[in-house]
Amino acid sequence: MRLIHTADWHLGQSLHSFERSYEQRSFLDWLLETLVEQQADALLIAGDVFDTANPSALAQQQLYQFLTAARARVPHLNTILIAGNHDSPARLEAPRPFLQLLDAVVSGQVWRLPSGSHDLESLVVPLKNKLGEITAWCLAIPFLRPADVPKVENAPDAFLAGVQQLYQQAFTIAQAKAKPDQAIIALGHCYLQGGSASLDSERRIVVGNSEALPASLFSKELSYLALGHLHLAQMVGDVDWMRYAGSPLPMSFAEANYPHQVLCVDFAGAKLKSIQPIRIPRFVDLLRVPAKPAPLPAVLAALEALDLAPLPEEQQPYLEVRVQLTAPEPGLRVRIETALKDKPVRLAKIETSYLRTEAESTELAPLSLDELQQLDPLNLLEELYRQNYPNELPDELAKAFHAILQEAQLGIAS
């Protein structure tokens with residue numbers, strides 16, 4: 001059996017106000033061709049299908065058009081998608097009857113039976129080969145919240161214990177269904193200890209007392225664990241069968257050099273046979289000029305020297321400009337935009353940093369509430385200014401602040 005593991009599509013995501021439908025459409029077109037070329041039996045999407053809980057109509061159309069096309073091009077394809085922490089479970093599950101016609105199973109949340117117990121049976125999904133024979137079982141576990149997991153009495157961390165029990169109970173159900181030559185695969189959307197995260201674009205998950213969950217909560221008898229949430233494709237520790245597929249597109253400039261990919265996973269019966277990364281083309285470049293922050297004259301020279309091929313706007317590179325300053329530069333954006341005039345590039349971000357001596361870099365000492373109340377606002381502004389810039393507060397800024405302060409005090413008095 002062959003499956004394609006992918007995650008963290010974040011359909012509808014924008015990059016510093018630039019919408020990215022061209023890139024997202026290009027990825028889905030590429031993925032469709034990859035499914036055909038690889039003759040995959042199953043597609044596993046490990047959460048964060050959408051970027052927000054209320055995705056745009058366009059983002060939803062992209063998903064459903066892709067699933068429809070995938071079913072047409074690879075008629076035997078099994079698709080399983082789970083909700084991530086960005087997704088709305090209810091919205092993701094709303095078209096479930098329609099998706100069942102495409103052999104697509106969506107798992108947005110853990111449902112409860114009339115008895116009040118969790119419906120774990122529905123989370124155990126069969127995977128079939130080209131002949132329609134069951135060759136594997138998948139635990140389609142979505143992003144878990146406290147209400148989704150069993151209550152474990154007297155546990156030091158009730159949520160962690162509940163997650164472990166839920167996976168174990170679902171695994172036990174799968175074991176009862178699986179024949180000796182059938183693999184058991186688990187899906188999950190979580191942050192496991194030892195994983196490398198991108199702080200720029202990955203929303204922290206803190207549930208109960210846990211941010212990162214231990215990998216030990218997953219049974220070693222699983223054939224494969226398909227994970228989502230971390231955007232960098234990686235193994236968990238040195239465990240080959242625990243994998244984050246990573247995001248198909250860089251979600252921030254910090255991810256520009258990530259090896260974006262999907263994973264092609266083969267099984268021989270119940271045994272994991274091979275895991276082959278398939279690199280995703282970069283549909284739109286992300287440029288950081290210069291590579292490290294530099295003084296403004298050097299930055300402007302580098303921008304003016306940019307030699308880029310003409311492209312339609314939706315394919316033009318995104319640009320992050322990295323400037324090192326010694327004082328505020330009110331006309332910074334105008335000067336940068338002038339240097340980029342008529343160049344086929346989209347200015348997404350200006351990153352500024354300031355040179356400070358060691359003495360100037362010391363932080364303010366902690367103050368008590370009484371001491372804070374006694375501070376003069378102007379003196380506080382001067383101190384904060386020195387914390388950020390290696391100069392004294394300019395007179396014109398001090399006068400403007402004083403005028404605003406007077407207006408505020410008059411407003412309070414009246």
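The paragraphs below set out a description of the structure included in this document.

Strand order in this open sheet of three strands is β15-β16-β17, and the pairing throughout is parallel. Every other strand in the sheet has two partners, leaving β15 (286-295) and β17 (346-354) as the edge strands with one partner each. The average undirected angle you get between the axes of adjacent strands in this sheet is 15 degrees. Pairing analysis gives eight bridges linking strand β16 (residues 318-325) to β17, with the strands arranged parallel. Paired with L325 across the bridge in β17 is Y354. Those strands touched by helix α6 (residues 296-304) are β15 and β16, and its axis lies near 150 degrees from that of β15. Where helix α7 (residues 332-339) meets the sheet, its contacts fall on β16 and β17, and the angle it forms with β17 comes to roughly 130 degrees.

Attention now goes to the sheet that holds strand β7 (residues 124-128). Here we have six strands laid out as an open sheet, ordered β7-β8-β9-β10-β12-β11, and mixed in their pairing. The open sheet has two edge strands, β7 and β11 (234-236), and neither has a second partner. Ignoring strand direction, the axes of neighbouring strands in this sheet form an average angle of 30 degrees. As paired strands, strand β8 (residues 134-140) and strand β9 (residues 183-189) are joined by five bridges and run parallel to one another. Its bridge partner being in β9, W137 is matched across the sheet by I184.

For the rest of this paragraph, the subject is the pairing of β16. When a strand is regular, its side chains alternate between the sheet's two faces. Extensive coverage of β16 is indicated by the burial of seven of its eight residues. Both β15 and β16 contribute to a ladder of six bridges, which runs parallel. Looking across to β16, one finds that L286 is bridged to Y318. This β-α-β element, β16 to α7 to β17, shows right-handed connectivity.

Time to look at the side chain of T6. Along the chain, T6 falls in strand β1 (residues 2-6). Among the polar contacts listed, one links the side chain of T6 to the side chain of W9, at a separation of 2.9 Å. Discounting residues that sit within four places of it in the chain, T6 has contacts with F27, L43, L44, I45, A46, A245 and V262.

Below, the discussion takes up α7. Taken together, the buried positions of α7 are occupied by L332, I336 and A339. Buried residues in α7, looked at end-on, bunch into an arc of 60 degrees, giving them a common side. Of the exposed residues in α7, the ones pointing more than 90 degrees away from its buried face are V334 and T338. Where α7 is buried, its residues contact α6, β16 and β17.

Moving on, we get to the packing of helix α1 (residues 21-38) against helix α2 (residues 57-73). Contact geometry for α1 and α2: axes closest at 10 Å, N-to-C directions at 15 degrees. The pairing of α1 with α2 is recorded here as roughly parallel in orientation. Between α1 and α2 the crossing geometry is right-handed. Of α2, the residues touching α1 (which contributes S21, Q24, R25, L28, L31, L32, E33, L35 and V36) are L58, Q62, F66, A69, A70 and R73. By residue class, the composition of the contact of α1 with α2 is nine nonpolar, three polar and three charged.

With that settled, the discussion passes to the nonpolar core. For soluble globular proteins, the rule of thumb is that nonpolar side chains tend to be buried together. Core analysis: the biggest nonpolar cluster contains 44 residues, and W9, L31, L35, V49, L63 and F66 have the highest contact counts within it. For this core, the secondary-structure elements that each account for two or more residues are α1, β4 (42-46), α2, β6 (104-107) and β13 (261-268). Once you skip the residues sitting within four places of it in the chain, F66 turns out to touch W9, L28, L31, L32, L35 and L43. Within the second largest apolar cluster, 33 residues are counted, among which are W137, C190, L222 and V236.

Parameters at a glance
- Residues numbered from 1 in each chain as written.
- Predicted model: local features only at pLDDT ≥ 70, side-chain atom pairs only at ≥ 80, totals over all residues.
- Heavy atoms only, no water.
- Pairing = 2+ DSSP bridges.
- Helix = DSSP H or I, 4+ residues; strand = E, 2+ residues; numbered from the N terminus.
- Axes fitted to C-alpha atoms, helices over the stretch in contact; angles between N-to-C directions.
- Contact = heavy atoms within 4.5 Å.
- Buried < 20%, exposed > 50% of the residue type's maximum accessible area, 1.4 Å probe, protein only.
- Right-handed = clockwise from strand over helix to strand, strands pointing away.
- Polar contact = N/O pair within 3.5 Å; in protein donor to acceptor, adjacent residues only side chain to side chain.
- Arc of directions from axis to C-beta.
- Parallel < 35°, antiparallel > 145°, perpendicular 65-115°, else oblique.
- Left-handed = near helix turned anticlockwise from the far one by under 90°.
- Nonpolar A, V, L, I, M, F, W, Y, C, P; charged D, E, K, R; others polar.
- Core = buried A, V, L, I, M, F, W, Y, C linked by side-chain atoms within 4.5 Å.

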